[in-house]
Amino acid sequence: MNNNDQLTIGKLAKLAGVNVETIRYYQRIEMIREPTKPMSGFRHYDASLVNTIKFIKRAQQLGFVLAEIKELLNLGEGNCHDVKELAIAKRQKIVHQLKDLNAMKKELDGLIDACEKTEDTPNCALIDSLAKSP
């Protein structure tokens with residue numbers, strides 16, 4: 001299949017590994033362009049959209065939200081420096097999230113330990129700690 005091939009929305013969805021509603025959603029938020037509908041028949045999508053949709057899904061797996069992915073798509077191939085800056089900012093945000101998650105894990109570990117120590121008492125240390133928290 002080459003990029004000039006025309007696909008129905010169902011075929012596009014299957015090749016891209018998404019459902020039809022995902023494609024319709026991407027059209028509504030202007031991530032991909034909706035082709036004009038012919039007088040009779042179905043809209044036909046350019047086969048290059050398969051790669052675009054796979055790009056969107058992969059970027060989501062890396063933590064990019066749709067607004068950021070839209071920006072990446074708008075920047076395109078010739079703006080490697082700008083794309084790199086967005087990736088660095090995303091990585092930094094993930095680093096902060098990991099620190100926050102580790103702090104939450106540590107706090108929960110302490111609460112679980114306290115709960116285990118008071119398991120056979122009428123009061124639950126975990127509930128009591130949460131109730132007293134600011």
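Above: the structure in question.
Residues numbered from 1 in each chain as written. Predicted model: local features only at pLDDT ≥ 70, side-chain atom pairs only at ≥ 80, totals over all residues. Heavy atoms only, no water.

### Quick notes on the packing of aromatic side chains
Each aromatic ring pair is characterised by the separation of its centres together with the angle its planes make.
Moving on, step 1. For the coordinates displayed, the defined rule picks out one aromatic pair.
Moving on, step 2. Ring centres of Tyr25 and Tyr26 lie 6.4 Å apart, and the angle between their planes is 50 degrees; on these two criteria the pair is classed as tilted.
Moving on, step 3. On the basis of relative accessibility, which here comes to 2%, the residue Tyr26 falls in the buried class. (Phe/Tyr/Trp six-rings, centres within 6.5 Å; stacked < 30°, edge-to-face > 60°. Buried < 20%, exposed > 50% of the residue type's maximum accessible area, 1.4 Å probe, protein only.)

### Remarks on the side chain of Gln27
Moving on, step 1. Position of Gln27 among the secondary structure elements: in helix 2 (residues 20-28).
Moving on, step 2. Residue class for Gln27 comes out buried when judged on its relative accessible area of 11%.
Moving on, step 3. Beyond its immediate stretch of four places on either side in the chain, Gln27 contacts Ile32, Arg33, Glu34, Pro35 and Tyr45. (Helix = DSSP H or I, 4+ residues; strand = E, 2+ residues; numbered from the N terminus. Contact = heavy atoms within 4.5 Å.)

### A short note on the nonpolar core
Moving on, step 1. Of all hydrophobic cores here, the largest spans 21 residues; its most connected members are Leu12, Ile23, Tyr26, Ile53 and Ile69.
Moving on, step 2. Of all elements in the fold, only helix 1 (9-16), helix 2, helix 3 (48-61) and helix 4 (66-75) reach the threshold of two or more residues within this core.
Moving on, step 3. At five residues, helix 3 tops the list of elements feeding residues into this core.
Moving on, step 4. Every residue in contact with Ile23, bar those within four places of it in the chain, is listed here: Ile9, Leu12, Ala13, Val18, Ile32, Tyr45 and Ile53. (Core = buried A, V, L, I, M, F, W, Y, C linked by side-chain atoms within 4.5 Å.)

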